[in-house]
Amino acid sequence: MYDFAVVGVGPAGARFARRAAEAGYDVVAFESGTVGTPLACSGHVSTDIWGYVPDDAKSELLQNRVYGARFHVGGPDSGAYPFYKREEVSNVIDRVELDRTLAACARDAGADVRENHTVVDVDERAEDVALTVSNEDGTETVRAKMVAGCDGPTSRVRKQCGLPEPGEILHGVLAFDPAPDDGDFVDVHLTAPRFFAWRIPRGDAGVEYGLGAPPGASVNELFDRLTAAYDVDTEHFCSGAIPIGPPERVHSRRAFLIGDAAAQTKPFTGGGILYGMTAADCAVDAVDPDDPGSLRDYESAWRAELSREIALGRWIRRAYSLPAPIQRLGLGALSGEIGVHMDRPTSFFSREHLAKLVGR
């Protein structure tokens, strides 16, 4: 009998497994394949990421430093509206290696991390949770007092424990041009329906191109238009779901969701690495595996940390669908040096950012 079983060893699952093991709990974590693969999301993150990995990991993970973004209402030849800081705004990292680093931290803390173990059934019972796990030797049943569903946008834990779905699921795609580029700016194109497309320089690792769009949109065709406009050929095409909008409840009696499974993502970018790990920390601090009632404390804790950022992020997202003349007017009025944090929309109202606006 484990205290916690963790399903999914992405950033949120690995972070929870590590912190729970450090707190003295018996933790087992299952990853259906190899940690870090297949790649399904971008590695463009805020500099806060370095607080979650060992100090010596930065030299292996860092690919490029980013100082701002150029927004376009049209393609690459359209006018650009730059938003920037004098210090680095964000970093581009090796996304696969990040997952492996976080999983190694969980193992070092004492969590039993098992790759190539697929959870095929979750039976939530009065006193525990029984997980049926498939691996190369067959199937086994693993029991835990509680299960943390960290298994992504199409979470099996969410479905089998009867928890509600995210507000929406977007379709994201990305691929890479191997030509090195250590540029200081990412490019954002407000050309994909209800979302955006992007170009991210990754230093010696090349350039990442990607976009997200709602179901029904032809994302492959939209992606081909993007890369044709830049006149590049890409490789290593990846595709994945982007959950937007947390459901009204992310816990049942003995199961709780973290990260993409709970749609703990930024509505305006779809990124969820930092939000998921923030929620993982909330879960470790709040949840007692011997007290199912403590799951309500987790629900309150993560919403206290993230709900305002997510709510404001929804308003930013709505601006992507405004008529092009209004977008140009708004971008023109707001572009320039900024004092905002890329993970915290509320920082738009910070003293630092307001001083930048007034000082123009």
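The rules behind these values
- Residues numbered from 1 in each chain as written.
- Predicted model: local features only at pLDDT ≥ 70, side-chain atom pairs only at ≥ 80, totals over all residues.
- Heavy atoms only, no water.
- Helix = DSSP H or I, 4+ residues; strand = E, 2+ residues; numbered from the N terminus.
- Rg over C-alpha atoms; globule rule 2.2 N^0.38 Å.
- Buried < 20%, exposed > 50% of the residue type's maximum accessible area, 1.4 Å probe, protein only.
- Contact = heavy atoms within 4.5 Å.
- Areas by Shrake-Rupley, 256 points an atom, 1.4 Å probe, with all protein chains shown as cover.
- Pairing = 2+ DSSP bridges.
- Axes fitted to C-alpha atoms, helices over the stretch in contact; angles between N-to-C directions.
- Polar contact = N/O pair within 3.5 Å; in protein donor to acceptor, adjacent residues only side chain to side chain.

Peer 1: Which residues make up the overall build of the protein, and what are the values?
Peer 2: When its secondary structure is counted, the protein shows nine helices and 18 strands. Against the globule reference of 21 Å for 360 residues, the protein gives a C-alpha radius of gyration of 21 Å, in line with a compact fold. Across its three principal directions, the C-alpha atoms of the protein cover 60 × 45 × 40 Å. By the burial criterion, 53% of the 360 residues in the protein qualify as buried. In the protein, the share of contacts with a sequence separation of at least 24, taken over all contacts with a separation of at least 6, comes to 69%. For the protein, the accessible area works out to roughly 15,400 Å², and carbon and sulfur atoms hold 49% of it.

Peer 1: Give me the lowdown on the sheet that holds strand S4 (residues 62–66), citing residues and values where you can.
Peer 2: Spatial strand order, S3-S7-S4: three strands in an open sheet with antiparallel pairing. A single partner strand is all that each edge strand has here, and the edge strands are strand S3 (44–46) and S4. Averaged over all adjacent pairs, the angle separating strand axes in this sheet is 35°, with direction ignored. For S4 and strand S7 (residues 90–93), the ladder comprises four bridges, and the chain directions are antiparallel. Of the residues in S7, the one forming a bridge with Leu-62 is Ile-93.

Peer 1: Which residues make up the sheet that holds strand S14 (residues 197–201), and what values do they have?
Peer 2: Strands in a sheet are paired, the pairing made by backbone hydrogen bonds, and the direction either parallel or antiparallel. Read across the open sheet, the eight strands follow the order S16-S12-S15-S14-S13-S5-S6-S18; overall the sheet is mixed. Every other strand in the sheet has two partners, leaving strand S16 (235–244) and strand S18 (336–337) as the edge strands with one partner each. The pairing of strand S12 (residues 168–177) with S16 spans eight bridges and is antiparallel. Paired with Val-173 across the two strands is Ser-239, which belongs to S16.

Peer 1: Describe the side chain of Asp-343, with residues and values.
Peer 2: With respect to the secondary-structure elements, Asp-343 resides in the loop between S18 and helix H9 (351–358). Within polar-contact distance, the side chain of Asp-343 engages the side chain of Lys-266 at 2.7 Å. Ignoring any residue separated from it by four or fewer positions in sequence, one finds Asp-343 in contact with Ser-46, Lys-266, Leu-274, Tyr-275 and Glu-309.

Peer 1: Quick rundown of unusual backbone geometry? Include the residues and the values.
Peer 2: Across the junction of Thr-37 and Pro-38, the peptide omega takes the value -5°, indicating a cis bond. Phi at His-236 takes a positive value of approximately 55°, unusual for a residue other than glycine. Structurally, His-236 is set in strand S16. A positive phi angle, near 55°, is found at Ala-263, a position not held by glycine.

Peer 1: An account of the environment of Thr-101 is requested, with residue identities and associated values reported.
Peer 2: In this fold, Thr-101 is placed in helix H3 (residues 95–109). The buried category is assigned to Thr-101, whose relative accessible area is 13%. Along the chain, Thr-101 and Gly-36 lie 65 residues apart, while their C-alpha atoms are 9.4 Å from each other. Other than its neighbours up to four places away in sequence, Thr-101 contacts Val-53, Pro-54, Ala-57 and Leu-61.

Peer 1: Before we move on, can you summarise the pairing of strand S6 (residues 80–84) with the specific residues and values?
Peer 2: Of the two faces of S6, only the one carrying Tyr-81 and Phe-83 is buried; Ala-80, Pro-82 and Tyr-84 on the other face are not. One ladder, built from five bridges, connects strand S5 (residues 68–72) with S6; its direction is antiparallel. From the neighbouring strand, Gly-68 faces S6, where its bridge partner is Tyr-84. Of the strand pairs in this sheet, S6 and S18 are connected by two bridges, and their pairing is parallel. Looking at S18, one finds that Tyr-84 is bridged to Glu-337.

Peer 1: How would you summarise the pairing of strand S9 (residues 118–124) if you had to cite specific residues and measurements?
Peer 2: Taken together, the six bridges between S9 and strand S10 (residues 129–135) define a ladder with antiparallel strand orientation. In the strand pairing of S10, Glu-124 is matched with Val-129.

Peer 1: Could you give me a rundown of the environment of Gln-327, with the residues and numbers involved?
Peer 2: Locating Gln-327 in the fold gives a position in helix H8 (residues 324–334). Counting along the chain gives 269 residues from Gln-327 to Lys-58, while the straight-line C-alpha distance between them is 37 Å. In this structure Gln-327 touches Val-73, Leu-190, Ala-319, Tyr-320, Ser-321 and Leu-322, once residues within four positions along its chain are discounted. There is a polar contact of 2.8 Å between the side chain of Gln-327 and the backbone oxygen of Tyr-320.

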